[in-house]
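Inside the fold
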Amino acid sequence: MSGRNQYQNRIELLQGTLDMLILRTLQGRPQHGYGITQTLRINSGDVLQVETGSLYPALHRLERQGWVRSEWKQTENNQHAKYYRITAAGKKHQASDHTRWQQMVEAITAIMQA
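Residues numbered from 1 in each chain as written. Predicted model: local features only at pLDDT ≥ 70, side-chain atom pairs only at ≥ 80, totals over all residues. Heavy atoms only, no water.

**A few points about the overall build of the chain**
- When helices and strands are counted, the chain shows four helices and three strands.
- Shown N-terminal to C-terminal, the secondary structure of the chain runs as helices and strands in the order α-β-α-α-β-β-α.
- Of all 114 residues assigned to the chain, the portion counted as buried reaches 29%.
- Contacts spanning at least 24 positions in sequence make up 45% of the contacts within the chain whose residues lie at least 6 apart.
- In the form shown here, the chain has an accessible surface area of approximately 8,100 Å², with 52% of it arising from carbon and sulfur atoms. (Helix = DSSP H or I, 4+ residues; strand = E, 2+ residues; numbered from the N terminus. Buried < 20%, exposed > 50% of the residue type's maximum accessible area, 1.4 Å probe, protein only. Contact = heavy atoms within 4.5 Å. Areas by Shrake-Rupley, 256 points an atom, 1.4 Å probe, with all protein chains shown as cover.)

In structure tokens, the structure reads:
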């Protein structure tokens, strides 16, 4: 496999993983971008720190896919922010991603324990 193809696969894996994590984060309630990054950071024990340069392209991609919808609302601090909400299609996709993720984790664990 050429270096370019390996790089592209890495990007797709990272994007797919970030998409899955964003959809999971939105399962609970609609959130604005900052809230999503904070939830991911806190729930990962400060291991995952998603930069805005990765978050917003992912949110736009999810919106184009029809997996999230957005609307402008007032925050608790009286600021105007775009809130993202998972759609029914997004919930279905997230469940499918979660199943595939579990299979991948089990396969990698099996290899690492061999």
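**Focus: helix H4 (residues 88-113)**
- End to end, H4 covers 38 Å across 26 residues, agreeing with the expected 38 Å (1.5 Å per residue, within 8%).
- Every buried residue belonging to H4 is among Gly 90, His 93, Gln 94 and Asp 97, and all of these are buried. (Expected span 1.5 Å × (residues − 1).)

**Describing the sheet that holds strand S2 (residues 68-74)**
- What the three strands build is an open sheet, ordered S1-S3-S2; its pairing is antiparallel. Two strands close off the open sheet at either side, each with one partner strand: strand S1 (31-32) and S2.
- Direction of pairing for S1 relative to strand S3 (residues 80-86): antiparallel, over a ladder of two bridges. Of the residues in S3, the one forming a bridge with Gln 31 is Tyr 84. (Pairing = 2+ DSSP bridges.)

**Quick notes on the nonpolar core**
- By size, the foremost hydrophobic cluster in this structure holds 15 residues, and its most contacted members are Ile 22, Leu 26 and Ile 36.
- Of all the secondary-structure elements, those providing two or more residues to this core are helix H1 (3-26), helix H2 (33-43), helix H3 (52-65) and S3.
- In contact with Ile 36, other than residues within four places in its own chain, are Ile 22, Thr 25, Leu 26, Gln 31, Leu 55, Leu 59 and Tyr 84. (Core = buried A, V, L, I, M, F, W, Y, C linked by side-chain atoms within 4.5 Å.)

**Section: the pairing of S3**
- Alignment of S2 against S3, held across seven bridges, turns out to be antiparallel. The residue bridging Gln 74 from the neighbouring strand is His 80, located in S3.

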